[in-house]
Amino acid sequence: MTEQQSALPVAVIGAGPVGLAAAASLLERGLEPLVLEAGAEAGTAVREWGHVRLFSTWDEVIAPAAEKLLAPTGWQRPEGSTYPSGRDWAEQYLQPLADALGERVRYGVRVTGVSRAGRDRVVDAGRDKQPFTLQVTTPEGGEERILARAVIDASGTWNTPNPLGGNGLPALGERAAADRISYRVPDLNDPVVRARYAGRRTAVVGSGASAFTVLAGLAALAEEVPGTHATWVLRRGISDDTFGGGEADQLPARGALGLRAKAAVDAGHATAVTGFRTESVTREGTGVVLTDEGGRHLDPVDEVIVLTGLRPDLTHLTELRLGLDERLQAPVEVAPLIDPNVHSCGTVYPHGAKELSHPEPDAYLLGMKSYGRAPTFLAMTGYEQARSVAAALAGDHEAAARVELILAETGVCGGSGLFDEPGTADGAQGEGGCCAAPATVQIGGPATGGC
Ligand SMILES: Cc1cc2nc3c(=O)[nH]c(=O)nc-3n(C[C@H](O)[C@H](O)[C@H](O)COP(=O)(O)OP(=O)(O)OC[C@H]3O[C@@H](n4cnc5c(N)ncnc54)[C@H](O)[C@@H]3O)c2cc1C
């Protein structure tokens, strides 16, 4: 690296939990971060789901490097064993952390492109000697270029939810029915949102923690407002692992979510439809009708909530030489560690700079974005990624290789990669079913209880 290059900041895209943790880790290593956040505040994405309670405790969502940075500011650490909402996480931790970083965080700055200065993706000559250049839009609506010695993209996947279509494309008619479709967990305490679902029929599409949250919320609403009912639409059959790890989940609140969803079905507030891969959505009377690839129609519903996962937006990264797995769109060495086709119970292994590196040196995807389409990301994984990558950028390769995080297991059973033929319905154990007993996995050691 040239002297000129090493004087440049490390650009961090996104002031979410992981981008801010990366900035704190970089500072700890004596490197200067510059965090570029599209929104007006820290944790812009987290605030959008601020009404949702995390299944992790405060102890599990505070980065060690961030805590060190916050300690001298008089920051009051929330009680570690309690569960924050997204809003709590943003207001009581992310914003104070961003404030502690001061002018190193710029708001209203959206990154629209990243390249090597003077080199497009094709050019080899002198490539590694060139700094990165980031094209950004500014709050005033202008454009600007920012030079950086390295780039950490921690921009998450929140803004690119998967569509309704079972084949990954928007279902036929999905755009035309947009007024009836939401891709978010509704805030049922908000009177306007509540009125949208109270006493009405809602199709809830998806089988992860967000779908469980909605099923539980609609069931509670149904107890108060008769006529509230959910049709729970699953691509797979229902099996022992459909509702997650339950009481065996090492994150008890995550396990409890699945149990609440099961209670919603058992109480008749939700009817499960299995083996349904949505092909189209059509209006019928006052409702909408979902039809699957086999021509099966569901009864009309008033609303549809699509919670089929998230995918990374890679459009601003096309000039970089990234090594991404063709299925998950995660870094190639990370993908096998998190592949939902294999790790159907959330058997996710911690990892660091080595696994996160790309053919383009000093460019990294961290946080939710590093998981591509895999649904099993935990904040702690991102904090460990941040620590390791900061160490690598500082030249401390020994520390970068030393990954010490222990992750909780069980919970996201039957990930998005699993496929059941429509015929394999209730009671069937889908391909890649639940792993053995929950286990503790430590990098460098054997994975006990894996699939
Ligand atoms: C509903 C929900 C509940 C969750 N609960 C838990 C939990 O209990 N425990 C747990 O460990 N994990 C949980 N997660 C998973 C994960 O920890 C969070 O999604 C976390 O917010 C991921 O952090 P991140 O920094 O990677 O991305 P994000 O929080 O998505 O932050 C990305 C940031 O980048 C900004 N951005 C995006 N594009 C650009 C751009 N082009 N230019 C500039 N800025 C940009 C966004 O505005 C945003 O502020 C949950 C996720 C969701 C959705």
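This text gives an overview of the structure that appears in the document.

Calculation criteria
- Residues numbered from 1 in each chain as written.
- Predicted model: local features only at pLDDT ≥ 70, side-chain atom pairs only at ≥ 80, totals over all residues.
- Heavy atoms only, no water.
- Near = heavy atom within 4 Å.
- Polar contact = N/O pair within 3.5 Å; in protein donor to acceptor, adjacent residues only side chain to side chain.
- Areas by Shrake-Rupley, 256 points an atom, 1.4 Å probe, with all protein chains shown as cover.
- Axes fitted to C-alpha atoms, helices over the stretch in contact; angles between N-to-C directions.
- Helix = DSSP H or I, 4+ residues; strand = E, 2+ residues; numbered from the N terminus.
- Left-handed = near helix turned anticlockwise from the far one by under 90°.
- Contact = heavy atoms within 4.5 Å.
- Nonpolar A, V, L, I, M, F, W, Y, C, P; charged D, E, K, R; others polar.
- Salt bridge = Lys/Arg side-chain N within 4 Å of Asp/Glu carboxyl O.
- Pairing = 2+ DSSP bridges.

Time to look at the site of the ligand. Glu37, Phe55, Ser56, Met368 and Ala379 are the nearest of the 29 residues found near the ligand. Within the backbone of Pro17, an N or O atom sits 3.3 Å from an oxygen atom of the ligand. Backbone polar atom of Ala379 to an oxygen atom of the ligand: 2.8 Å apart, as the coordinates give it. Coverage of the ligand by the protein amounts to 92% of the 980 Å² it exposes when considered alone.

Now for the packing of helix H2 (residues 17-28) against helix H5 (residues 86-101). Two elements in contact, H2 and H5, have axes separated by 10 Å at closest approach and are oriented at 35°. Once H2 is placed against H5, the crossing between them reads as left-handed. Each of Pro17, Leu20, Ala21, Ala23, Ala24 and Leu27 in H2 lies in contact with H5, whose residues at this interface are Trp89, Leu94, Leu97, Ala98 and Leu101. When grouped by side-chain class, the residues that make up the contact of H2 with H5 number eleven nonpolar, no polar and no charged.

Enumeration according to the criterion identifies 24 salt bridges in this entry. A salt bridge links Asp302 to Arg201; the nearest nitrogen and oxygen atoms lie 2.9 Å apart. On the criterion of sequence distance, the pair formed by Asp302 in the loop between strand S13 (287-292) and strand S14 (303-306) and Arg201 in strand S9 (residues 201-205) is long-range, its members being 101 residues apart. Put simply, Asp59, Glu67 and Arg77 are held in one network by salt bridges that share partners.

Let us look at the sheet that holds S14. Taken in spatial order, the five strands make up an open sheet running S8-S14-S9-S10-S11, and their pairing is parallel. Each of the sheet's edge strands pairs with one partner strand only, and the pair in question is strand S8 (181-182) and strand S11 (270-273). Where S9 and strand S10 (residues 229-233) come together, five bridges link them in parallel fashion. The residue of S10 that forms the bridge with Ala203 is Thr231.

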